[in-house]
Amino acid sequence: MIEFIDVFKTYGNGTEALRGVNLKVEKGEFVFIVGSSGAGKSTFLKLITCEEAPNSGEIIVNGRKLSTVKKRDIPYVRRTMGMVFQDFRLIDKMTVFDNVAFAMHVVGASQREIKKRVPYILNLVGLKEKINCRPKELSGGEQQRVGLARALVNNPSMIIADEPTGNIDPALSFEIVGLLSEINRRGTTVLMVTHEHRLVKHFRRRVVEIHDGLVVADSCNLALEVPDEN
């Protein structure tokens, strides 16, 4: 699913963001990425989404070497990923339905597909009754669930969540990660950057710690949660 092979990333100002990272995330895993500010977590995500390129080393996503991906093909690589952001990034003038539908419009989905898929996903995240509301009418937790619905609507193989609980009440943080866990249980790979150690301890998933550009700990011995066969 995702593999980093001896990856280095140094920015133009001399900042060494990653220094020889080797890491493999298998399909269906749920991985917490932890570390202090400036440790290299954001760079790690930006390399996966092709926002940045490494100075050396290789990154493989879904069996594809990112070093061989042409600029015009980057949007197609990103379509396999659903992004959830700390600051929600919803469009204020749009309804909940339209915010989620927008992600389907971008990839050329038909109106028929949109009308069928969006309500299904909103129901999945518990927002069926909010379908015609606008973001300002929602709580922070509800706005983040809209963001999660938008990330899910195109059925990505992985969800990348960058501090998704950073702007919501602590009590709601468990709700959001619970939803991510349920999505993971259905087979979607989840990578989540977080500073909230309470969440990490509670959900007991694989934890990768990045410090000063290096992977300094990896609890990869935790068992994967496998979807029920029934």
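In the annotation of an unreviewed UniProt entry, the entry for the chain reads Cell division ATP-binding protein FtsE, and the organism field reads Faecalispora sporosphaeroides. In UniProt, the chain has this text filed under Function (unreviewed entry): "Part of the ABC transporter FtsEX involved in cellular division." What UniProt records for the chain under Sequence similarities (unreviewed entry) is the sentence "Belongs to the ABC transporter superfamily."

Trainee: Break down the pairing of strand β6 (residues 81-85) for me, with residues and values.
Mentor: β6 sits mainly inside the fold: 4 of its 5 residues count as buried. Pairing of β6 with strand β7 (residues 158-162) involves 5 bridges; the strand directions are parallel. When the bridges of β7 are listed, Met81 appears paired with Met158.

Trainee: Residue-level account of the sheet that holds strand β5 (residues 64-65), with values.
Mentor: The 4 strands are arranged β2-β1-β4-β5 in an open sheet whose pairing can be described as antiparallel. The two strands at the open ends of the sheet, each matched to only one other strand, are β2 (16-25) and β5. Pairing analysis gives 5 bridges linking strand β1 (residues 2-10) to strand β4 (residues 56-61), with the strands arranged antiparallel. Note on β4: the bridge partner recorded for Ile5 is Glu58. Packing against the sheet, helix α1 (residues 41-48) makes contact with β1, β2 and β4, and its axis sits at approximately 120 degrees to β1.

Trainee: I'd like to hear about the layout of surface pockets, residue by residue, with values.
Mentor: Approximately 840 Å³ is the volume found for the largest pocket. Lining the largest pocket are 26 residues, with Arg78, Met81, Gly82, Met83 and Phe85 positioned closest to its centre. The set of elements that each furnish at least two residues to the lining of the largest pocket consists of α1, α2 (74-78), β6, α3 (96-106) and α5 (140-152). Of the residues assigned to the lining of the largest pocket, the class counts are 12 nonpolar, 6 polar and 8 charged.

Trainee: Go over the packing of α5 against helix α6 (residues 170-185) with me, naming the residues and quoting the values.
Mentor: Interaxial distance between α5 and α6 falls to 10 Å at its minimum, and their mutual angle equals 15 degrees. Considering the angle they form, α5 stands roughly parallel to α6. The chirality of how α5 crosses α6 is right-handed. Facing Gly141, Gln144, Arg145, Leu148 and Leu152 of α5, the residues of α6 in contact are Leu172, Glu175, Ile176, Leu179, Leu180 and Ile183.

Conventions adopted
Residues numbered from 1 in each chain as written. Predicted model: local features only at pLDDT ≥ 70, side-chain atom pairs only at ≥ 80, totals over all residues. Heavy atoms only, no water. UniProt positions renumbered as here; feature names shortened; annotations may be inferred. Buried < 20%, exposed > 50% of the residue type's maximum accessible area, 1.4 Å probe, protein only. Helix = DSSP H or I, 4+ residues; strand = E, 2+ residues; numbered from the N terminus. Pairing = 2+ DSSP bridges. Contact = heavy atoms within 4.5 Å. Axes fitted to C-alpha atoms, helices over the stretch in contact; angles between N-to-C directions. 1 Å grid on protein atoms, 1.4 Å probe; cavity = no way out; pocket = protein on both sides within 12 Å on 5 of 7 lines; lining within 4 Å. Points joined across faces, edges and corners; volume = space filled by probe spheres on them. Nonpolar A, V, L, I, M, F, W, Y, C, P; charged D, E, K, R; others polar. Parallel < 35°, antiparallel > 145°, perpendicular 65-115°, else oblique. Left-handed = near helix turned anticlockwise from the far one by under 90°.

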